[in-house]
Structure formats: structure tokens, C-alpha cells
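Below, each chain spelled out in residue letters.
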Amino acid sequence: MFQIDNPKSNLKNVLHGFFLAVAVSVAEPSTILPLLVHHFSDSVILVGLFASLLKGGAIIVQMWAAFYAQEYKRVIPYLRIVFFFRWFSWFLIGLAIYFVGDNNKNLTLLLIGIGFFGFSFTAGFGAIYFKELIAKVFSKNYRGRTMANRQIWTAIGSILSGGVAGYVLENYTAPLNYAYLFMVSSFLMAIGFIAFGTIDEPEKKEIRKKEKSFFEFLKNSFQILKKDTKLKNQIIIILLGFSYLLSYPFVILKANNSFHLTGWMLGGFITIQMIGSIIGSFFIWRKMNNYHLMLQLSFIFAIISFIFALFANTPLFYGIVFLFFGLAMDGFSISGMNLVFEIAPEDKRPIYTALQSNITSLGLFFPILGGFILKYTNYEVLYFITIFMISIGLFQTKKLKS
């Protein structure tokens, strides 16, 4: 019999976060991913493009997924299908680097891009199903706790992954070291998918009959957006929060220009960022259910990180930058998800989450814009623009009510 706030569900949620973090940290957009792309190309615009591909493919399908999810009494069977295709896409990236690699750098970049797009494209479906499942399985008060627990173990997983990644990058030559990381991590990812895929899900009681066509659904969805001021404010503010992505993938490239960046340093920066995540989740986010305040603090931590980035020229300074990155990003993630749950009616929850996720996910393409800005200006200008945009978001948070 289903039990809300079941400790077993909490454990499976944590295991999913842990093993997924161990896996995807080998393509961390602030550290390893820029250097991976930089191995095959000197273009900073390509770095921004690949950082966007890693997550941006989800934009295309979230509304489509929400259209059908309205009538689903259970979403777990569909989530399992998503998990398989995400795993397959990730494993293929490792195969492409291993078998093609430096023999044809352009082809390797194309295959990596296809893999990233497939990984994020299927995540568009998964995001809707995942959020629907979390809202059904956990109560409002417990939800913040379980997601903070998940973030803590996600951070621990990333720390372990950072140490392993540092060892592999230091002791094996590129690009084979990247191939090994992707192929091995894909099997660890599978463990997390299997754990979450067995979570106990209740049937949804309030089912909304879906529209006759997808276009009618889009029309009705945007009517909801037009009428709901709270949802509009959330979307604008969270989209401004994504402004950190203008500079995020390029911080490590500036570090690489400032001093000799070893594999151990790279793994160390991942570890420090995840320590920030643990500090935030354990000491701050885990104890809060005021998601408005959580969002405000996340904006402040993001601003602090880029202020330090402006003056960073040593590994110690960059350690502080990544520490505040870790604090900010978990706060953005937890607050954004829970804020939409607070205003969404049960029967319209997939629509609300899809609207919020779909529109704010446009921010995932900010790295491309950041790449163009960096190409024609410099790091300092890019950081100032980023700080300015995040500050606007912080100012706008007063429009949200607790």
C-alpha cells in the first residue's frame, strides 16, 4: 500500500541523485566539458554551444510531454523509457571518443554533440515525469527535506567523481581519458536509474482530460500563463537566475590561461564546488521551506561567485569561486521546483511545471551568447554583464510572495 513520505522513496530519490551525479560530473559544464571541447577545437563559441546542448535539448519536448502527462494516472512506466535512452546516449559519447577521437576531430565533435542532445532531449520528458512523481510521493514539508538530502548525496557523488576524474585525466592521455570517463560512468548512471525506476507511485486522483490536439493544448497553456501573474513572475525571475550561464562554462578557460591547470586541480575544483553544495543543502536549504527566501539567497551567492571570478588569478581564488557556485546552483534548483508546486492546481501541475521549465530553459542557451560576447570582448566584460543580469533577478524577487 502506498505511503506518502515513505523513507524507501526518499532513499531511492537519494540513490538516483547520487549515481547520476557520479556519472554526469565527468562532463561538468564549468570544468571538464570546456576542456573536452577545447581539446578538439579552439572555438569558445563551440564551448558555449556544447554546454547548451548538454541540457538545452530538453526545451523542445517538455510541452509535448506535459500534453500527454495530463491523462497519465502513473508516470513511472514512461520515466523508465526515458532512463534507458539517457543511458544509451551517454554511453555512445564514450564510444565515439574512443573509436574516432583525434582521427577525425570534426566527426568526434559531431557525435559528442548528438550524444549530448539525445541525453538532454530525453530529459525533457523526464523532467515532467520526475516533478510529477516528486509532487505525488512527498508532501510539501517533506519535499524540501528529501530534495536537500538528494542534493547532499548528489554533491558527495560529484566529489567522488571529481577525485576519480582528476586521477584519470592526470594519468591517461587525451582523448582516451575522456572516453574512459564516459563509458565507465554510464554504468554507474544505470544504477541510479534502476533505483528510482522502482519507486512506489500512487494513482493520480484528479485527471485532466487532454485537449483534442497539441496546438489546442498550447493555446490553453498560454492562456493559463497569461492569466496567472504568479507563474509569469516566477518564470521571469528564474530565467534571470540562469544568467550565470553566460559566464559559467568559461571560468575554467580563464583559469587555464592564468596558471598551469593539472588534472588534479580540475578534480579539486569539482570537489570544492560540491562541498559548497553540501554546505548549502545540509546547513541552509534542508532547513528551509520558504522557497522565496531560498531563491533570493541563491542570487546573492551567484553574485558573490562572479565578483571573486573578476579578480581570480590563483587556484585559491578559483576555489572560492567554485565554492559559491555550489551554494548557488542547488538553491536555484530546489527553490525553482518547489515554487511552481506551491501555485499549481493538482490537475494542471504538469502544465505549470512544463511552462516554467520550458520557458526558463531558454536560459540554457545563454552559454552560446556568452561565447559570442567573449569572442568580441574579454572575460571582465562578460563577468560584469553576468553580475548585472543576476542583480536584476535578485531585485525582481520581491515580486514573489512567500
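J.: Which residues make up the overall build of the chain, and what are the values?
T.: Across its full length, the chain carries 17 helices and 0 strands. Here the C-alpha atoms of the chain give a radius of gyration of 20 Å, agreeing with the 21 Å that 2.2 N^0.38 yields for 402 residues. Buried positions account for 60% of the 402 residues belonging to the chain. Long-range pairs, those at least 24 residues apart, make up 88% of the contacts in the chain with a sequence separation of at least 6. Taken as a whole, the chain presents about 16,600 Å² of accessible surface, with 67% of it coming from carbon and sulfur.

J.: Residues and numbers for the pattern of salt bridges, please.
T.: Within the structure shown, the criterion is met by 4 salt bridges. Its salt-bridge partner being arginine 74, residue glutamate 203 comes within 3.5 Å of it at the nearest N-O pair. Taken together, the residues span a long stretch of sequence, with glutamate 203 in the loop between helix 8 (176-196) and helix 9 (214-227) and arginine 74 in the loop between helix 4 (62-69) and helix 5 (76-99) at a distance of 129 residues. Overall, arginine 74 belongs to the partly exposed group, its relative accessible area being 38%.

J.: Pulling in residues and values, what's your account of the packing of helix 7 (residues 140-171) against helix 12 (residues 263-283)?
T.: Closest axis-to-axis distance for the helix 7/helix 12 pair is 7 Å, and the angle between their directions is 175°. Relative to helix 12, helix 7 is oriented roughly antiparallel. Tallied by class, the residues present in the contact of helix 7 with helix 12 amount to 14 nonpolar, 10 polar and 1 charged.

Calculation notes
- Residues numbered from 1 in each chain as written.
- Predicted model: local features only at pLDDT ≥ 70, side-chain atom pairs only at ≥ 80, totals over all residues.
- Heavy atoms only, no water.
- Helix = DSSP H or I, 4+ residues; strand = E, 2+ residues; numbered from the N terminus.
- Rg over C-alpha atoms; globule rule 2.2 N^0.38 Å.
- Buried < 20%, exposed > 50% of the residue type's maximum accessible area, 1.4 Å probe, protein only.
- Contact = heavy atoms within 4.5 Å.
- Areas by Shrake-Rupley, 256 points an atom, 1.4 Å probe, with all protein chains shown as cover.
- Salt bridge = Lys/Arg side-chain N within 4 Å of Asp/Glu carboxyl O.
- Axes fitted to C-alpha atoms, helices over the stretch in contact; angles between N-to-C directions.
- Parallel < 35°, antiparallel > 145°, perpendicular 65-115°, else oblique.
- Nonpolar A, V, L, I, M, F, W, Y, C, P; charged D, E, K, R; others polar.

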